[in-house]
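# Working through the structure, step by step
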Amino acid sequence: MSEVLDNLLYSEEHEWAQQGEGRIVRVGITDHAQHLLGDIVFVEFPEVGTAISAGDSVGSIESVKTVSELYSPVSGTVTKINDALEASPELINDQPYSGGWIFELEITGEFAEAASGLLAAAAYRELIGE
């Protein structure tokens, strides 16, 4: 069974979003997604300073099985990437909700508005059949 945290919001493409300080939102892929991908060997990040819209393909995640697109769950401007994943992409497998986060962005409005299209934990569990 995949871990789904109640304090996060989720996209139907299996990304999560976590409200940080101010207008910062941290993004990663779910435990369910990393299980489907298998051993992750490379992450292609969005570029810092890039303005992105919710649903945009912003990079990719390569595993021993496949390459999967990475989508942004919310709109904003990329402010930071998780540099630790360049040397240790397997952190996504080991810690999908902590050390394996992928990027942060700054939203323009309120988090509730920016995340209005995302799923709460219960709805995400239903989506993945758990």
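Numbering of residues starts from 1 in each chain and follows the order in which that chain's sequence is written. Per-residue local features of the predicted model are confined to residues with pLDDT of at least 70, and side-chain atom pairs are confined, for both listing and counting, to 80 or more; whole-chain, interface and lining totals are unaffected and use all residues. To get the side-chain values, take all heavy atoms of the structure and skip hydrogens and water.

### Some thoughts on the environment of Glu 69
The cut-off we apply is this: Secondary structure is summarised from DSSP: a helix means a run of H or I of at least four residues, a strand means a run of E of at least two, and numbering begins at the N terminus for each. Each residue is assigned to one of three classes by its accessible area relative to the maximum for its type, calculated with a 1.4 Å probe on protein chains only: buried under 20%, partly exposed between the two thresholds, exposed over 50%. Pairs of N or O atoms within 3.5 Å make up the polar contacts considered here, provided that, within protein, one atom can donate a hydrogen while the other can accept it, and that residues adjacent in sequence are counted only when both atoms are side-chain atoms.
Position of Glu 69 among the secondary structure elements: in strand β7 (residues 67–71). Judged by its relative accessible area of 40%, Glu 69 falls in the partly exposed class. C-alpha separation for the pair Glu 69 and Trp 101, spaced 32 residues apart in sequence, amounts to 15 Å. Of note is the side chain of Glu 69, whose polar atom sits 2.3 Å from the side chain of Ser 57.

### Points about the UniProt feature "modified residue: N6-lipoyllysine" (unreviewed entry) in the protein chain
To be explicit about the condition: UniProt positions are given in the numbering used here, feature names are shortened, and annotations may be inferred rather than shown by experiment. Contact definition: two residues touch when any of their heavy atoms are within 4.5 Å.
Per the UniProt entry, the sites bearing "modified residue: N6-lipoyllysine" (unreviewed entry) are Lys 65 in this numbering. Mapping Lys 65 onto the fold places it in the loop between β6 (57–63) and β7. Excluding residues within four positions of it along the chain, Lys 65 makes contact with His 35, Leu 36, Leu 37 and Gly 38.

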